[in-house]
Amino acid sequence: SRPSRSRFISSMIAIQASVIEANEQRLLAFTKILDAYEEPEVSETEDYQSHDEAYWNENASWTNDAAKALLNLVSPVFDKSEVHYVKNYIAIAVSGNNYFSFRKRTKNKSQLTIWVGEQFIGKAQSLLDEKGVNYTVYKNRTIRLITNGELLTNNDQLFKDLAVVVKEAWAG
């Protein structure tokens, strides 16, 4: 399945137990004394607050550079791909879905996350292994690797091929 956001709902029920004696028998009676339900807030969480390119250039320009480098490599594969900036990551979105995301790391590096789904994880791993690129697999459907713009441009065909795998995965 595709990644999704979770919503948390706050609900609390309190029950009081009492022992009642009737007809020389003890009975256990339960009474609901509290039934509270709280709707989730509609506002966006901090993780998803929009930020702009200037924010990322000031705080992690190397991550923005890597996102732009990947966008240039994969845009021929995807119609309507664009960079989407939020507080904690930069995404390359296609038709509103985040296909790739970058989180800043130290020493001018970024973590690239690529969702390929369980069906295509082996294909993506083979491409990365063939080029000797280090990565980890998360939940058997997502590839994570530490990168920078140089790694992306020096392995342009690899990332173009990965884009094709990602497109197949999102197509279902």
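Keep in mind that what you see is a predicted model, and the values were worked out from it rather than measured.

## Regarding the pattern of salt bridges
Scanning the model with the defined rule gives 3 salt bridges in all. One salt bridge connects E53 with K68, and the closest N-O pair in it is separated by 2.3 Å. Judged by its relative accessible area of 35%, K68 falls in the partly exposed class.

## A look at unusual backbone geometry
Positive phi is not limited to glycine here, since K107 has a value of about 55°. Mapped onto the secondary structure, K107 falls in the loop between β5 (97–104) and β6 (110–115).

## Regarding the confidence of the model for the protein chain
On average, the protein chain scores 84 in pLDDT, and the residues at 70 or more come to 82%. The low-confidence segment residues 1–8, where pLDDT is below 50, has 11 contacts with residues more than four positions distant or belonging to other chains. Counting interchain partners and residues more than four positions distant, the pLDDT-below-50 stretch residues 39–46 has 6 contacts.

The rules behind each value
Residues numbered from 1 in each chain as written. Predicted model: local features only at pLDDT ≥ 70, side-chain atom pairs only at ≥ 80, totals over all residues. Heavy atoms only, no water. Salt bridge = Lys/Arg side-chain N within 4 Å of Asp/Glu carboxyl O. Buried < 20%, exposed > 50% of the residue type's maximum accessible area, 1.4 Å probe, protein only. Helix = DSSP H or I, 4+ residues; strand = E, 2+ residues; numbered from the N terminus. pLDDT = per-residue confidence, 0-100. Contact = heavy atoms within 4.5 Å.

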